[in-house]
Amino acid sequence: MNEDQELVARVLEGDPDSFAGLVERYQSAVYNLAYRMLNESRAAEDATQEAFMRAYQHLSRYDMNRSFKTWLLSITSNYCIDRLRKRRLTWLSIDEPLAPHPSLVSSEVGPEQAAVRSEKQAAIQSLLDELAPDYRAAVVLRYWYDMSYADIAEALDTTESAIKSRLFRARQQLAEKAQSKSGHEMVLAMERA
Amino acid sequence: MALNQTDDLINRALDNLLSDDDDEFFKALLSDDTKVAGTWDGLQQVDAMLKREAQTEIPLPIDFTVSVMERVHDHEARRRWYPLVVGVLTLLSVIAALNIAFPVTIFALDLYQPLLDSPIMTAIQYLASELIEFVQIGRFMLADWFNYVLTTPEALATVVLALVVASIWIGLLEVKKLTAGALQTA
């Protein structure tokens, strides 16, 4: 039994405070996934809290043979996909991408570099925003979490074949958008950075 | 929708999942087919861009764990109270339903006559009448005694004297207790 499973077992035995250990360990991963999916810090924070609460409420359903992280990221990505679908219905008329998150500007670099970097990150994030929620989740889980096709399929409750297809189409769409005028500028900005 | 062989090869090449044979086949395909080579270049650029971006980690809000754990504790508190509240409400509903249904059922089915004729009901009736009679006798005796005391001066004087003596005696006992306490403290 690994440390995650020990913490899960303790929570199930009636010690809710042990859940804090799991939150500490995975909050960054969950928050980053939510942020990449929703591109809004407040929404990402809400989604992260919600994902942890859902995990807590359904902890008895967690299969100890699976990775806790994969299970948690699965809850997060499915929640974010739902939110994005609802948001699409609500914001159907809004085409403008959201402003970049202030925390994207790293404090370790100079202001000019930070501005270029922030511009690049915002551009990549806006490209990701144009992908369908299912495609975006596959891309984020593959690149940010280095998950295998099988793990992504498990997390998104689909087949490996579907994940391969989503990844290919997502990459293709990103390449097409990046090759368009604004996308090209973005690539150039990236090269400068 | 499943990918065709070329798209699958490109995908696996980007994810470094090609076998040696597939790799050779893919290289040959890239040199033979300019369209595939073009697609490959575009996707490679995107792949590199995403890999670079994936290195960036967005910092978390401060005290995040605390806020999650606050919600967990709220949830636990609700979870503990929920069955109790549901239980009490169910019980009250059942009692209310029975309360209304019981007399209605008894009278609707003419059950009150056999109920009244049953031996246990006779015993209950007898005990209740005995109890009522006993209480009545006690009440009359008490009323007669008050009447006698209030209308006979000697009896009233005796009662008053008894009360005075009793209060003096109680007073003396209290003084004795206080004196004994003071001596012990000294």
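Residues numbered from 1 in each chain as written. Chains lettered and ligands numbered in written order. Predicted model: local features only at pLDDT ≥ 70, side-chain atom pairs only at ≥ 80, totals over all residues. Heavy atoms only, no water.

**Details of the overall build of chain B**
Then, in step 1: Scanning chain B for helices and strands turns up 7 helices and 0 strands.
Then, in step 2: Listing each helix as α and each strand as β along chain B from the N terminus yields α-α-α-α-α-α-α.
Then, in step 3: Taking all 186 residues of chain B together, 21% fall into the buried category.
Then, in step 4: For chain B, contacts bridging at least 24 residues in sequence account for 30% of all contacts bridging at least 6.
Then, in step 5: When the accessible surface of chain B is totalled, it reaches about 14,400 Å², and 68% of it is carbon and sulfur. (Helix = DSSP H or I, 4+ residues; strand = E, 2+ residues; numbered from the N terminus. Buried < 20%, exposed > 50% of the residue type's maximum accessible area, 1.4 Å probe, protein only. Contact = heavy atoms within 4.5 Å. Areas by Shrake-Rupley, 256 points an atom, 1.4 Å probe, with all protein chains shown as cover.)

**Concerning the overall build of chain A**
Then, in step 1: Looking only at helices and strands, chain A features 9 helices and 0 strands.
Then, in step 2: In chain A, the order of α-helices and β-strands from amino to carboxyl end is α-α-α-α-α-α-α-α-α.
Then, in step 3: Counting across all 193 residues of chain A, residues that qualify as buried make up 52%.
Then, in step 4: Surface exposure of chain A reaches about 9,300 Å², of which carbon and sulfur atoms provide 46%.

**A look at the interface of chain B and chain A**
Then, in step 1: Taken together, the 38 residues of chain B in the interface contact 49 residues of chain A.
Then, in step 2: Summed over both partners, the interface of chain B with chain A comes to about 4,100 Å²; 64% of that surface belongs to carbon and sulfur atoms.
Then, in step 3: At the boundary of chain B with chain A, the tally comes to 4 salt bridges.
Then, in step 4: Residue Glu53 of chain B pairs with Arg36 of chain A through a salt bridge whose shortest N-O separation is 3.0 Å.
Then, in step 5: Inspection of the chain B/chain A interface yields 16 residue pairs in polar contact (both at pLDDT 80 or more).
Then, in step 6: Breaking the side of chain B that touches chain A down by element, the ones donating at least two residues are helix 1 (5-14), helix 3 (34-53) and helix 4 (64-108) of chain B.
Then, in step 7: Here the side of chain B that touches chain A is built from residues that sort into 19 nonpolar, 8 polar and 11 charged. (Buried area = accessible area lost by both parts, 1.4 Å probe. Salt bridge = Lys/Arg side-chain N within 4 Å of Asp/Glu carboxyl O. Polar contact = N/O pair within 3.5 Å; in protein donor to acceptor, adjacent residues only side chain to side chain. Nonpolar A, V, L, I, M, F, W, Y, C, P; charged D, E, K, R; others polar.)

**Thoughts on the nonpolar core**
The nonpolar side chains of soluble globular proteins are, as a tendency, buried together.
Then, in step 1: By size, the foremost hydrophobic cluster in this structure holds 82 residues, and its most contacted members are Phe19 of chain A together with Leu50 of chain B.
Then, in step 2: Ranked by residues supplied to this core, first place goes to helix 2 (residues 19-38) of chain A with 13 residues.
Then, in step 3: In this view, Phe19 of chain A contacts Val11, Phe52, Ala55 and Tyr56 of chain A together with Met69 and Val72 of chain B; residues no more than four positions away in its chain are not counted. (Core = buried A, V, L, I, M, F, W, Y, C linked by side-chain atoms within 4.5 Å.)

**Here's the deal with the environment of Val68 of chain B**
Then, in step 1: By secondary structure assignment, the location of Val68 of chain B is in helix 4.
Then, in step 2: Exposure remark for Val68 of chain B: the relative accessible area of 1% places this residue in the buried category.
Then, in step 3: Among residues more than four places away in sequence, those in contact with Val68 of chain B are Val23, Gln49, Phe52 and Met53 of chain A.

**What about the packing of aromatic side chains?**
Residues and elements named next belong to chain A.
Then, in step 1: Applying the stated rule across the entire model yields 8 aromatic pairs over all chains.
Then, in step 2: Considering the side-chain rings of Phe19 and Phe52, the 6.3 Å spacing of their centres and the 85 degrees angle between planes classify their relative orientation as edge-to-face. Of this pair, Phe19 sits in helix 2 while Phe52 sits in helix 3 (residues 41-57); the two residues are 33 residues apart in sequence, bridging distant segments of the chain. For the pair shown, Phe19 and Phe52 are each scored as buried.
Then, in step 3: On the numbers, 5.2 Å between centres and 45 degrees between planes, the contact of Tyr62 with Trp71 is tilted. Comparing Tyr62 with Trp71, the two get one shared label, buried.
Then, in step 4: An aromatic cluster of three or more residues is present, and its members are Tyr26, Tyr62, Phe68 and Trp71. (Phe/Tyr/Trp six-rings, centres within 6.5 Å; stacked < 30°, edge-to-face > 60°.)

**Quick look at the pattern of salt bridges**
Then, in step 1: Under the defined criterion, the tally for this structure stands at 20 salt bridges over all chains.
Then, in step 2: Linking Arg171 of chain A and Asp15 of chain B is a salt bridge whose minimum nitrogen-to-oxygen distance equals 2.6 Å. Taken together, the residues Arg171 of chain A in helix 8 (residues 160-179) and Asp15 of chain B in the loop between helix 1 and helix 2 (20-32) connect one chain to another. Each member of the pair, Arg171 of chain A as well as Asp15 of chain B, is classed as buried.
Then, in step 3: Among the charged side chains, a salt-bridge network with shared partners connects Arg142, Asp146 and Arg171 of chain A together with Asp15 of chain B.

**Things to note about the environment of Tyr135 of chain A**
Then, in step 1: Topologically, Tyr135 of chain A is positioned in helix 6 (residues 133-143).
Then, in step 2: Residue contacts for Tyr135 of chain A: discarding those within four places in its chain leaves Arg166, Arg169, Ala170 and Gln173 of chain A.

**Re the confidence of the model for chain B**
Then, in step 1: Confidence in the prediction for chain B averages 88 pLDDT; 98% of positions are at 70 or higher.
Then, in step 2: Highest mean pLDDT in chain B belongs to helix 6 (residues 119-151) of chain B (92); lowest belongs to helix 5 (residues 112-117) of chain B (78). (pLDDT = per-residue confidence, 0-100.)

**Observations concerning helix 1 of chain B**
Then, in step 1: For helix 1 of chain B, the tally of buried residues reaches 8 of 10 residues, placing the bulk of the element in the interior.
Then, in step 2: Within helix 1 of chain B, the full set of buried residues consists of Asp7, Asp8, Leu9, Ile10, Asn11, Arg12, Ala13 and Leu14 of chain B.
Then, in step 3: Buried residues along helix 1 of chain B sit in contact with helix 7 (149-155) and helix 8 of chain A together with helix 2 and helix 3 of chain B.
Then, in step 4: The N-cap of helix 1 of chain B, judged by a side-chain oxygen 3.1 Å from the amide nitrogen of Thr6 of chain B a few residues on, is Asn4 of chain B.
Then, in step 5: Taken from the residues just after helix 1 of chain B, Asn16 of chain B is the one with a positive phi, measuring 55 degrees.

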